[in-house]
Amino acid sequence: MSEARTRLRELPSVDRLLTHPRTGVWLARLSREYVTRCCRDALERFRAAIASGELTPEAQIDDDSILAHVERRIESDREPSLRPVINATGTVLHTNLGRAMLAPSAIEAICLVASRPVNLEYDLEKGGRGKRETMIERLLVWLTGAEAATCVNNNAAAVLIAVNTLANDKEVVVSRGELVEIGGAFRIPDILAKSGATLREVGTTNRTHPGDYERAIGPNTGLLLKVHASNYRIVGFSADVPLNDLVDIGRRHNVPVMEDLGSGALVDLSQYGLPKEPLVSQRVACGADVVTFSGDKLLGGPQAGLVVGTRRWLTQIRQNSLHRAVRCDKLTIAALEATLRLYQQSSDVTRQIPTLQLLTRSLTEIERLGANVVTILSRALGPGYRVSMEDATSQIGSGALPTEDIPTKVITVDSDVMSAERIAERFRTARPAILGRINNGRFLLDLRTISNADELVPRWHTTGQAS
Ligand SMILES: *Cc1c(COP(=O)(O)O)cnc(C)c1O
């Protein structure tokens, strides 16, 4: 006990640590307050370790060992929490991994506006206040055929503000088959409630008919809402009311019609051999008053919610005070504009939009890469593992075409002494982390989203070493 007390007394003071030459190097570039706090925390850790007996009496405690502790802390504080990872999960648009990767021109656009003043809301011709979304609107009008458009923070916000504008204090009619939950916190009934609307469910889970909508319409009906059942499909004895029929019903009763498309495509993906996802321009042509979709799903741009539709409703959506609360910042606007320009101008978007490029890669190319991976990875992992390639399917992800699989090749990594979970953990703790998936008790690395064989060779770092 008294021995511990002696050791506690021998610990240096914060001031002594701050005058140590090693600390001087840190103080030359870091705030004094921060370095002081790191020293104090390190001393606190040593004090606690001595008091608890965790530090044996023989353990060396001097200024250097304490400062080594401080140094490790400073190093780890410098690491950003968002780190690149290797996505070999087979889900191309993985919400947990940040969804779409941006096109080079979108990244350039972000860098440009991030570092200097820009005419975000300044009209250089008139010499006065301008609107931040003028060009986004022009491009969306061009690409979708809608009369008007706006962009907000994400599609959840797009639905929120659109419903609030069209149907606050009114009833919104939705088919029971479309009351979806899109991962975690986005549920159609909840978002309608937050929009100030009352949900009026019609039909049944598997079948909804035009008459169901007709009968539900009354003096307080504000909106007929259709929602793309993004992440599931009702098969078998099922029926829904197509958008054009819903538009007819809405016109007859003078009630606006809106569709939440979720992903929504700007180009016909079936021309590239992909399953058909609804085209935004088609939905606009059907006569929907408002259509909403995401910027970072199939579109392949930054996180954003895009709203297109009639001038009448879009003007009101823009004037809604919520618009200020959910507007896009300049970085998003820059990246979105660059991405939309590719759709407007590129002769082949699948070569320039990374998401579309990954989705349309040929199996031959993936297989060639895979042969390379098998060689390199077998050599790197050594004898304890078996590495081979086989057929599998990838997914688009983020709710787009969840029931449609895209053929791919995967690398399987087996071991006699390690479970698939353990192998997955080994790959996950590499730097950068390599994320695969486990299927039927086997660890798989999907090659669709991998561009270079080296990416799949795990590098294990020992912590605390500066590299
Ligand atoms: C993904 C999705 C949303 C949410 O979009 P975010 O951009 O993630 O906010 C809303 N509705 C549908 C139908 C979706 O698929």
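Report on the accompanying structure. Since this is a predicted model, take the numbers as computed values, not measurements.

Some points on the pairing of strand 7 (residues 221–227)
- Strand 7 sits mainly inside the fold: 7 of its 7 residues count as buried.
- When strand 5 (residues 171–175) meets strand 7, the two strands line up parallel, connected through 4 bridges. Residue pairing across strands places valine 172 opposite leucine 223, the latter belonging to strand 7.
- As paired elements, strand 7 and strand 8 (residues 257–262) share 4 bridges and run parallel to each other. Looking at the pairing, leucine 225 lines up with methionine 258 of strand 8.

Quick look at unusual backbone geometry
- The amide bond that connects arginine 431 to the next residue, proline 432, takes the cis arrangement and shows omega of -5°.
- In this fold, proline 432 is placed in the loop between helix 19 (420–428) and strand 13 (434–435).
- Phi is positive for arginine 99, which is not a glycine, with a value near 50°.
- Assignment of secondary structure puts arginine 99 in the loop between strand 1 (86–87) and helix 6 (104–114).

Points about the pairing of strand 15 (residues 442–446)
- In terms of residue burial, strand 15 counts as a mostly covered element, since 4 of its 5 residues are buried.
- Where strand 12 (residues 406–415) lies against strand 15, 4 bridges are found, and the strand directions are antiparallel. What sits directly across from valine 410, in strand 15, is aspartate 446.
- Of the strand pairs in this sheet, strand 14 (residues 437–439) and strand 15 are connected by 3 bridges, and their pairing is antiparallel. Looking at the pairing, arginine 437 lines up with leucine 444 of strand 15.
- What sits between the antiparallel neighbours strand 14 and strand 15 is a turn of 2 residues, in which asparagine 440 has the positive phi angle 50°.

Rules used in this analysis
- Residues numbered from 1 in each chain as written.
- Predicted model: local features only at pLDDT ≥ 70, side-chain atom pairs only at ≥ 80, totals over all residues.
- Heavy atoms only, no water.
- Buried < 20%, exposed > 50% of the residue type's maximum accessible area, 1.4 Å probe, protein only.
- Helix = DSSP H or I, 4+ residues; strand = E, 2+ residues; numbered from the N terminus.
- Pairing = 2+ DSSP bridges.

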